[in-house]
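The primary structure of each chain is shown beneath.
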Amino acid sequence: MAKNKTNEAIKIVTAATMTTEVREPASAQDVQAMLTALKDKKAQIKQAVKDQEFYTKYTWVVPGSIRSPSANDFNVLTHAHGKVCDISCQQCGTVRPVNKQDVFQVKYCKECRATVTKAEDKVKRAEKAAEKRAAGMTPEAIKAKMAELEAELASLAA
Ligand SMILES: [Zn+2]
């Protein structure tokens with residue numbers, strides 16, 4: 001699975017990678033320079049593959065947005081550190097910068113995060129209330145309550 005993802009990332013990066021300049025070296029120094037350039041390119045490609053894997057894994061990250069924090073990032077993020085990237089809110093599409101290391105747990109803008117948390121809490125409360133009521137109920141009454149709960153969940157998802 002992880003290997004397939006890596007292969008996919010390599011394909012994407014290779015398709016977007018600049019071509020290598022191949023020419024006759026003019027001197028021993030030139031050979032050295034060409035080798036250094038090749039090493040740099042290899043490191044760049046490795047990093048690009050890593051980044052691509054990141055974009056594939058965290059689909060809410062804006063592709064190409066991984067960067068060192070800019071002055072604006074420092075304004076928006078209270079604790080910008082390491083690399084930052086942009087996410088697209090999974091609810092409203094608003095783009096906001098986040099620390100790259102936090103991406104796995106940040107999918108929404110602040111406003112939508114509050115709404116989603118509220119909705120999740122409401123579902124949890126409804127489930128608990130249903131559990132309480134279910135104690136001592138007939139099978140028919142439990143079925144009816146379950147249908148009610150499902151309808152409530154459906155309306156939250158809509
Ligand atoms: Zn949002």
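Remember, predicted model here, so these are calculated numbers, not experimental data.

Calculation rules
- Residues numbered from 1 in each chain as written.
- Predicted model: local features only at pLDDT ≥ 70, side-chain atom pairs only at ≥ 80, totals over all residues.
- Helix = DSSP H or I, 4+ residues; strand = E, 2+ residues; numbered from the N terminus.
- Buried ≥ 20, exposed ≤ 12 C-beta atoms within 10 Å, placed from the backbone.
- Contact = placed C-beta atoms within 7 Å.
- Expected span 1.5 Å × (residues − 1).
- Pairing = 2+ DSSP bridges.
- Axes fitted to C-alpha atoms, helices over the stretch in contact; angles between N-to-C directions.
- Parallel < 35°, antiparallel > 145°, perpendicular 65-115°, else oblique.
- Nonpolar A, V, L, I, M, F, W, Y, C, P; charged D, E, K, R; others polar.
- Core = buried A, V, L, I, M, F, W, Y, C linked by C-beta atoms within 7 Å.
- pLDDT = per-residue confidence, 0-100.

Observations concerning the overall build of the protein chain
A count of helical and extended segments in the protein chain gives 5 helices and 2 strands. In the protein chain, the succession of α and β elements from N to C terminus is α-α-α-β-β-α-α. Within the protein chain, the fraction of its 158 residues that count as buried is 8%. Relative to all contacts within the protein chain whose residues are 6 or more apart in sequence, the contacts with residues 24 or more apart total 34%.

Looking at helix α4 (residues 110–134)
Its 25 residues place the ends of α4 36 Å apart at the C-alpha level, agreeing with the 36 Å of an ideal helix rising 1.5 Å per residue. Burial analysis of α4 places just 0 of its 25 residues in the buried class, a small minority of the element. Directly beyond the C-terminal end of α4, a positive phi value near 85° is found at glycine 136.

Looking at the pairing of strand β1 (residues 84–88)
Strand direction decides the pairing type here: β1 and strand β2 (residues 95–99), joined by 5 bridges, are antiparallel. Residue pairing for β2: serine 88 is matched across the bridge by valine 95. Where β1 folds back on β2, the antiparallel hairpin that results is connected by 6 residues, among which glycine 93 adopts a positive phi of roughly 85°.

A closer look at the packing of α4 against helix α5 (residues 139–157)
Between α4 and α5, the shortest axis-to-axis distance is 11 Å and the interhelical angle comes to 175°. As judged from the angle between their axes, α4 and α5 are roughly antiparallel. Listed contacts from α5 to Ala119, Val123, Ala126, Glu127, Ala130, Arg133 and Ala134 of α4 are Ile142, Lys145, Leu149, Glu152, Leu153 and Leu156. Residues of the contact of α4 with α5, tallied by class, amount to 9 nonpolar, no polar and 4 charged.

So, the environment of isoleucine 87
Within the secondary structure, isoleucine 87 is located in strand β1. In this structure isoleucine 87 comes out as buried when scored by C-beta crowding, with 22 C-beta atoms within 10 Å. Taking the C-alpha atoms as reference points, isoleucine 87 and tyrosine 108, 21 residues apart in sequence, are found 7.9 Å from one another. Sequence-distant contacts of isoleucine 87, defined by excluding residues within four places in its chain, comprise Trp60, Val61, Val62, Arg96, Val98, Val103, Val106 and Lys107.

Some details on the environment of glutamate 127
Tracing the backbone through its elements, the reader meets glutamate 127 in helix α4. A tally of 13 C-beta atoms within 10 Å means that glutamate 127 is categorised as partly exposed. For glutamate 127 and methionine 146, which are 19 residues apart along the polypeptide, the C-alpha to C-alpha distance reads 9.3 Å.

Observations concerning the nonpolar core
In terms of nonpolar packing, the biggest core is built from 5 residues, these being Val61, Val84, Cys85, Ile87 and Val98. The element that contributes the greatest number of residues to this core is β1, accounting for 3 residues.

Observations concerning the confidence of the model for the protein chain
Per-residue confidence for the protein chain gives a mean pLDDT of 85, with 89% of residues at or over 70. Confidence, expressed as mean pLDDT per element, reaches its minimum in the protein chain at helix α1 (residues 2–16) with 67 and its maximum at β1 with 97.

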